[in-house]
Amino acid sequence: MRIRATVAALTGALALSALVVPSAATAADAHHSALSDVVRAAHAASGTKTGARSVGAAETGPLDLTFSKLSVNGGKPIVVGTTNTVTVPTTFTVTHAADVDIFADDFELDVELYRGSFDDPTNILFGDVAPTCKTVSSTVATCKGQIGVWPQIDFIGNADATTWKAVGFAADFNGQDPSDPDFDPTQIDYAIQDGLGTTKLQRYSKLTVNAAPEPVKKGKTITVTGKLTRANWDDFAYHGYTVQPVKLQFRKKTSTAYTTVKTIKSSSTGALKTTVTASVDGYWRYSFAGTSTTPAVTTTGDYVDVQ
């Protein structure tokens, strides 16, 4: 994880200890990323049992606020490689009581992703900056936020390539500073809303192609090779995606559309190899349709001059 606050209830008080992990996160991010921990601690201190909740149910706590219309990355999966940070947008609507000031300096809200159970999540993802909200009416605001994914810090392993759930948190600290040793979680107003939606995380895929020889005589054999690989979040390298169906496609030099010539499967190392008979000038490419954990990918066309 990036810098994140670890929360524990000790003799009725909240203990915060910052875990410093190499990243570009700032102190402001550390405070922001502690929001869900603080709200969870306040919820636990209230004595309310969380338990299993139906999708869409709100644990509103003492704060009259709900989340709705959540969109993560425009509804598309979040595709992540092995090194680069991926930041995707979130949008959502907040509806609150007229006396709830979501723009106050001591008020925070955001949406996070988690997998596993709500009470004991296996992993979580959050934004590097707080969302910005715009007033629609005295009780409604629309907000824009983000989810930042730092693969070598946030991921536990390839098991993270799955469906993640979204949960909303809001807290009115009532003038308290959560970093203060005397911070009392029972004195804040909060809202928790689970079941806001889901999104998928996928392992970035790569695909190559090479058609040879170039040029080639008509009627002779063209050998088309390539390799299908994908990000491995266990060791943060790219490895062959094995035994996967990949289409070999061809486009004549005078055409704009590709047609599928045949479908082959990647080898135990992800390698691709097949042969065709040279007939006309054109472009050869491989195309992979993707899986639930790995996005689709198509190479650019490799031109072969047939003489």
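Please read these numbers as outputs of a predicted model, since none were measured by experiment. (Residues numbered from 1 in each chain as written. Predicted model: local features only at pLDDT ≥ 70, side-chain atom pairs only at ≥ 80, totals over all residues. Heavy atoms only, no water.)

**Student:** Explain the confidence of the model for the protein here, please?
**Tutor:** Reading fine detail from the predicted coordinates is not recommended where pLDDT is low. This prediction gives the protein a mean pLDDT of 87; 84% of its residues lie at or above 70. Low pLDDT, under 50, characterises residues 1–33; the stretch is placed with 82 contacts to residues that sit more than four places away or in other chains. This model gives residues 50–60 a pLDDT under 50, and the stretch forms 25 contacts once residues within four places in sequence are excluded. (pLDDT = per-residue confidence, 0-100. Contact = heavy atoms within 4.5 Å.)

**Student:** Looking at this structure, I do not really get the pairing of strand 19 (residues 282–288). What am I missing?
**Tutor:** The two faces of a sheet get side chains in turn, since along a regular strand they alternate between them. Of all seven residues in strand 19, five are buried, a share of seventy percent or more. Inspection of the sheet shows strand 16 (residues 245–252) paired to strand 19 by six bridges, in the antiparallel sense. Of the residues in strand 19, the one forming a bridge with Lys 247 is Ser 287. Pairing geometry for strand 19 and strand 21 (residues 302–304), over three bridges, is antiparallel. Along strand 21, the bridge assignment pairs Tyr 283 with Tyr 303. (Buried < 20%, exposed > 50% of the residue type's maximum accessible area, 1.4 Å probe, protein only. Helix = DSSP H or I, 4+ residues; strand = E, 2+ residues; numbered from the N terminus. Pairing = 2+ DSSP bridges.)

**Student:** What exactly am I supposed to notice about the environment of Val 72 here?
**Tutor:** Within the secondary structure, Val 72 sits in strand 4 (residues 65–72). On a C-alpha basis, the gap between Val 72 and Phe 92 in space is 8.9 Å, while along the polypeptide they are 20 residues apart. Apart from the residues within four sequence positions on either side, Val 72 is in contact with Ile 78, Val 88, Pro 89, Thr 90, Leu 113 and Thr 199.

**Student:** Any chance you could explain the side chain of Thr 274 here in plain terms?
**Tutor:** Secondary-structure assignment places Thr 274 in strand 18 (residues 271–277). Using a relative accessible area of 10% as the deciding quantity, one classes Thr 274 as buried. Here Lys 262 takes part through its side chain, which lies 3.0 Å from a polar atom of the side chain of Thr 274. Residues in contact with Thr 274, not counting those within four places in the same chain, are Ile 222, Thr 223, Val 224, Leu 248, Lys 262, Ile 264 and Tyr 286. (Polar contact = N/O pair within 3.5 Å; in protein donor to acceptor, adjacent residues only side chain to side chain.)

**Student:** Where do I start with the pairing of strand 6 (residues 86–96) in this structure?
**Tutor:** Sheet topology note: the strand 4/strand 6 ladder contains six bridges and is antiparallel. The residue bridging Val 72 from the neighbouring strand is Thr 90, located in strand 6. With 10 bridges connecting them, strand 6 and strand 10 (residues 140–149) associate as antiparallel partners. When the bridges of strand 10 are listed, Val 94 appears paired with Ala 141.

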